[in-house]
Amino acid sequence: MTFSKLTLAACTAFVMAGTALADTQDRLLTIITSPEPQTQLMAMVLTMQAAQKGADAHIMLCGPAGDIALRDAPQSATAGQPPRDMSPQGLMQAIRKNTGTTVEVCAIYLPAKGADASVLLDGITAADPAAMAARLLDDDTTVLTF
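Engineer: Which residues make up the pairing of strand β1 (residues 27–32), and what values do they have?
Structural biologist: Side chains on a regular strand alternate between the two faces of the sheet. Burial runs high along β1: 5 of the 6 residues are buried. Direction of pairing for β1 relative to strand β2 (residues 56–61): parallel, over a ladder of 6 bridges. If you follow R27 over to β2, its bridge partner there is D56. Note on the crossover from β1 through helix α2 (residues 37–52) to β2: the handedness is right-handed.

Engineer: How would you explain the nonpolar core if you had to name every residue and give the values?
Structural biologist: Core analysis: the biggest nonpolar cluster contains 30 residues, and M44, L61, M92, V105 and I124 have the highest contact counts within it. Excluding residues within four positions of it along the chain, M92 makes contact with M44, L61, I68, A69, V103, L121 and I124.

Engineer: Residue-level account of the layout of surface pockets, with values.
Structural biologist: For the largest pocket, the calculated volume is near 270 Å³. Around the largest pocket, the lining residues are Q38, L41, M42, V45, M48, Q49, Q81, P82, P83, R84, M86 and L91. Among the elements that line the lining of the largest pocket, the one with the most residues is α2, at 6 residues. Of the residues in the lining of the largest pocket, the class split is 8 nonpolar, 3 polar and 1 charged.

Engineer: Which residues make up the state of the cysteines, and what values go with them?
Structural biologist: Overall, the coordinates contain 0 disulfides when judged by the stated rule. This cysteine, C62, is not joined by any disulfide, and C106 carries the nearest cysteine sulfur, 3.2 Å off. Judged by relative accessible area, which is 12%, C62 ranks as buried.

Engineer: Describe the packing of α2 against helix α4 (residues 88–99), naming the residues involved and giving the relevant values.
Structural biologist: Think of two packed helices as two axes; the pair is described by the angle between the axes and how far apart they sit. The N-to-C vectors of α2 and α4 enclose an angle of 15 degrees; their axes lie 9 Å apart at closest approach. The orientation of α2 with respect to α4, classified from their angle, is roughly parallel. The way α2 lies across α4 gives a crossing that is left-handed. Taking contact as the criterion, the partners of P37, Q40, L41, M44, V45, M48, A51 and Q52 in α2 are, on α4, P88, L91, M92, I95 and T99.

Engineer: Which residues make up unusual backbone geometry, and what are the values?
Structural biologist: Geometrically, the link from P82 to P83 is a cis peptide bond, its omega value of 5 degrees lying close to zero. Summarising the element assignment, P83 is placed in the loop between α3 (75–78) and α4.

Engineer: Any details on the sheet that holds strand β4 (residues 125–126)? Residues and values, ideally.
Structural biologist: With parallel pairing, the 5 strands of this open sheet are ordered in space as β4-β3-β2-β1-β5. Since the sheet does not close on itself, it has two edges, and those belong to β4 and β5 (141–145), each with one partner. The sheet contacts of helix α6 (residues 129–137) involve β1, β2, β3 (102–105) and β5, and relative to β1 the element is tilted by about 120 degrees.

Engineer: If you had to explain the pattern of salt bridges to someone new, which residues and values would you point to?
Structural biologist: Scanning all chains against the criterion turns up 4 salt bridges. Note that D67 is salt-bridged to K113, the shortest N-O span being 3.5 Å. Of the two residues, D67 is situated in the loop between β2 and α3 and K113 in helix α5 (residues 109–113); the sequence distance between them amounts to 46 residues. Taking the relative accessible area as the measure of exposure, D67 reaches 18% and is therefore buried. Owing to a relative accessible area of 44%, K113 belongs among the partly exposed residues under this scheme. Among the charged side chains, a salt-bridge network with shared partners connects R27, D56 and D138.

Conventions we followed
- Residues numbered from 1 in each chain as written.
- Predicted model: local features only at pLDDT ≥ 70, side-chain atom pairs only at ≥ 80, totals over all residues.
- Heavy atoms only, no water.
- Buried < 20%, exposed > 50% of the residue type's maximum accessible area, 1.4 Å probe, protein only.
- Helix = DSSP H or I, 4+ residues; strand = E, 2+ residues; numbered from the N terminus.
- Pairing = 2+ DSSP bridges.
- Right-handed = clockwise from strand over helix to strand, strands pointing away.
- Core = buried A, V, L, I, M, F, W, Y, C linked by side-chain atoms within 4.5 Å.
- Contact = heavy atoms within 4.5 Å.
- 1 Å grid on protein atoms, 1.4 Å probe; cavity = no way out; pocket = protein on both sides within 12 Å on 5 of 7 lines; lining within 4 Å.
- Points joined across faces, edges and corners; volume = space filled by probe spheres on them.
- Nonpolar A, V, L, I, M, F, W, Y, C, P; charged D, E, K, R; others polar.
- Disulfide = S-S within 2.5 Å.
- Axes fitted to C-alpha atoms, helices over the stretch in contact; angles between N-to-C directions.
- Parallel < 35°, antiparallel > 145°, perpendicular 65-115°, else oblique.
- Left-handed = near helix turned anticlockwise from the far one by under 90°.
- Salt bridge = Lys/Arg side-chain N within 4 Å of Asp/Glu carboxyl O.

Written out as structure tokens, the structure is:
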């Protein structure tokens, strides 16, 4: 093989590898269970930053954090936090609107509350355990828990 053919082959392999890497999108799963508004808000901030950088973000709210998804959310979910006076629910809604991030409550949240999906904000549903398990096990998924 001549030098030019070898160079062409190496460049082709390099371009093909780069294309394959570009097709792989980072996936982020943020699981929030904390009842603390500051922790909830920081989880939303980090998720938003990752989504804005191109990550396929997904948020699952469990236990007390599920209250963020309620139409009639408690003040802890809606009260502004320093330094920008943003609430966990407000930032969650902005993330959904601006990045298309999916937000779900865990599968047992609504039954534990004795409620149905009508209590949730529009577009938020209960997570499917099988789909969530697949997301958790995906090699391209980074899991953040708060």
